[in-house]
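Remarks on the overall topology
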Amino acid sequence: MFEKGVVVVSFWCAIAALVSSQQPCPSNVFVKPAEVIACEQRVQNEPVNQTLAAEACMRTYFVNRFTANLLLPEDYALLAEFAAKKFGKNPPVSGYRVRRDIRVLSVTERQKLFRAFNVLYKTGVLARFGRIHGQQVLRKHHGASFLPWHRVFLAAVEEKLREIDPDVSLAYWDYSMDYYLPLPSDSVIWSSCFAGNGDGVVSEGPFRFMYGGLNELIRRDIAGNGTCPPRLINKDDIDQLMRFCYYANITTGNPPNYYQQVNNLEVLHDGVHDWVGGDMSYVRHAPYDFVFYMHHAFIDYIWERFRTRQSSLSCRVDVERDYREPGDYAVDNFPGHAPWEEMHGFEYLQNRDGLWRNWTTAFYGYEPAPRCPECGNSENLYCDREIDPRRPEGVCVTKTKFFCVDPPLTDFDRDKPFEEPLGGGAILTQSTIHKGLPGDGRTRFMSQEEGLAILREQIGHVNSSTPSVMYKVKGPGAQENGKQTLTLNLHEELYVISSADSKGALETYDAIIRALLTTTAAILASYF
């Protein structure tokens, strides 16, 4: 049937060429695949619109087709390069580096990192790492090798970044600081100053209009709607992990139900992938998005904090030898997770080699996550001493995307060709493997007030409003007991508006401040 279609097309092309004395039909004339022709024939005698049915046959043919990104010769060459250098066994050529929270970096430091990632993308190296991560995914996920394999993988990506610019290093994204916003989706991370927009095709910021593992523009769907929306990792999750001493306490073995392990760092990590959504939801394609590397750098940071605890007097565990018990290495006992088994892609290393101390003594280290009161001296963070009464020392909270003021990076000419969606805006989807713990219910479609109410419930606020900030001004002749005073209360409405990210929010905020100052001046005038 397929051959018959080709013959008919070729016949009419030849007739047209003879009659018109023009050049023969091009050889790349589209020929309907046999499956499409068979589909059209099946509906010929059915009571449907034949034109629309033919269109449906074509659409079904293409939508149902997705070929995985297999490893290419250049991917093997990249891995051979690391093997030849015995990367991990020998110190990195680019030297030691320190990873910090992305919001602590200066504008210059951030943009140097963004430019290096863009070079990695344009040269195809980022896609090579994406394909490597996307092969044999169950050898490095849902099991004990998850943490050590990704530690080596991140260090390898970082080394290639430093070949482009030796001043850069990976940065982590401490999303526990986003948790304290009424809507974490309002974080400055999702602005053009950092990762770009989080809704739909990434069309803003330094990573705009990049193609991912689905061979189409990278998409995100942060804090999406759903029956059980996922959530980010918070400080309570991290504190709970730090109560344990052994690798087996926080990693994946062969449990009866993987997705119910609340103290499993890999399960917690899965939830962040789902929270970001879009390409990040797919194990095979997540590493094409810059957010993947910030996310995994923070997971590695949490693991390193745990290893520090293991080495303390409280635990006294040898971190280079501590692993899971034999027979309890992975979900459904999937092979590839035993300590002596080779790391996929880095076969000169074994899984237990990812436990070496030298990764964080010779390769890289971490600057501690920002803490109050300085919060890393970052203009993108602030110290809030009231939002979480369980933490009287205060917590660092991210500012919102409304405060993004960086000049846009104009190095990347990827804008004009993509002003209009192609193919009617069709989205190719696959089933996802990442599934984390149930979230707290906050989505980007909620109001600030709804998000704040849920946040308060989560962190134990009893009252429906935050404690007021009180300023007292004594009038002339006021007694020491302070009875003759002026008290100003600044209520939660000020906080919600200052955290909002809607148009005109700053003008509203300024108007409130001006009104307060004007009123205060008038009252003081009456006092004095």
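The name that an unreviewed UniProt entry assigns to the protein is Tyrosinase copper-binding domain-containing protein, with the source organism given as Dreissena polymorpha.

As for the packing of aromatic side chains
This model, assessed by the stated rule, comprises 35 aromatic pairs. The ring of Tyr364 carries Arg99 above its face, with NZ or CZ at 3.7 Å from the centroid. A cation over an aromatic ring shows up here: Lys140 above the ring of Trp149, its NZ or CZ 4.8 Å from the ring centre.

Observations regarding the nonpolar core
With 91 residues, the main nonpolar core has Ile102, Trp173 and Tyr293 as its most contacted residues. Top contributing element to this core by residue count: helix 11 (residues 290-311), with 12 residues. Counting 9 residues, the second-largest nonpolar core is a separate cluster that includes Tyr180, Val395, Val397 and Leu452.

Details of unusual backbone geometry
Pro373 follows Cys372 through a cis peptide bond whose omega is 5 degrees. Structurally, Pro373 is set in the loop between strand 6 (364-366) and strand 7 (381-384). Of note in this structure, Ala223 is not a glycine but carries a positive phi near 50 degrees. Its location among the elements puts Ala223 in the loop between strand 3 (219-221) and helix 8 (235-241). On the accessibility criterion, Ala223 (5% relative accessible area) is buried. The phi torsion at Arg316 lies on the positive side, around 55 degrees, for a residue other than glycine.

What to know about the packing of helix 7 (residues 146-164) against helix 11
Contact pair helix 7 / helix 11: the axes reach a minimum separation of 10 Å and the direction vectors enclose 125 degrees. As judged from the angle between their axes, helix 7 and helix 11 are oblique. Where helix 7 crosses over helix 11, the two elements pack in a sense that is left-handed. Within the contact between the two elements, helix 7 uses Phe146, Leu147, Pro148, His150, Arg151, Phe153, Leu154 and Val157 and helix 11 uses Phe292, Tyr293, His296, Ala297, Ile299, Asp300, Trp303, Glu304 and Arg307.

Some remarks on the UniProt feature "domain: Tyrosinase copper-binding" (unreviewed entry) in the protein
When the UniProt feature table is mapped onto this chain numbering, "domain: Tyrosinase copper-binding" (unreviewed entry) sits at residues 141-158. Helix makes up 72% of residues 141-158 and strand 0%, and the two end C-alpha atoms of the span are 21 Å apart.

Some remarks on the packing of helix 6 (residues 125-134) against helix 7
Two elements in contact, helix 6 and helix 7, have axes separated by 11 Å at closest approach and are oriented at 170 degrees. The angle between helix 6 and helix 7 places the two elements in the roughly antiparallel class. Packed against helix 6, whose contacting residues are Val125, Phe129, Ile132 and His133, the element helix 7 presents Trp149, His150, Phe153, Ala156, Val157 and Lys160 at the interface. Here the residues of the contact of helix 6 with helix 7 are counted per class, giving 7 nonpolar, 2 polar and 1 charged.

What about the side chain of Ser176?
When you line up the elements, Ser176 lands in the loop between helix 7 and strand 2 (199-201). With a relative accessible area of 1%, Ser176 lands in the buried category. Within the structure, the side chain of Ser176 is placed 2.5 Å from the side chain of Asp174, a separation counted as a polar contact. Looking at Ser176, its side chain comes within polar contact range of the side chain of Lys235, at 3.2 Å. Other than its neighbours up to four places away in sequence, Ser176 contacts Ile233, Asn234 and Lys235.

Conventions we followed
- Residues numbered from 1 in each chain as written.
- Predicted model: local features only at pLDDT ≥ 70, side-chain atom pairs only at ≥ 80, totals over all residues.
- Heavy atoms only, no water.
- Phe/Tyr/Trp six-rings, centres within 6.5 Å; stacked < 30°, edge-to-face > 60°.
- Lys NZ or Arg CZ within 6 Å of the ring centre and 35° of its normal.
- Core = buried A, V, L, I, M, F, W, Y, C linked by side-chain atoms within 4.5 Å.
- Buried < 20%, exposed > 50% of the residue type's maximum accessible area, 1.4 Å probe, protein only.
- Helix = DSSP H or I, 4+ residues; strand = E, 2+ residues; numbered from the N terminus.
- Axes fitted to C-alpha atoms, helices over the stretch in contact; angles between N-to-C directions.
- Parallel < 35°, antiparallel > 145°, perpendicular 65-115°, else oblique.
- Left-handed = near helix turned anticlockwise from the far one by under 90°.
- Contact = heavy atoms within 4.5 Å.
- UniProt positions renumbered as here; feature names shortened; annotations may be inferred.
- Nonpolar A, V, L, I, M, F, W, Y, C, P; charged D, E, K, R; others polar.
- Polar contact = N/O pair within 3.5 Å; in protein donor to acceptor, adjacent residues only side chain to side chain.

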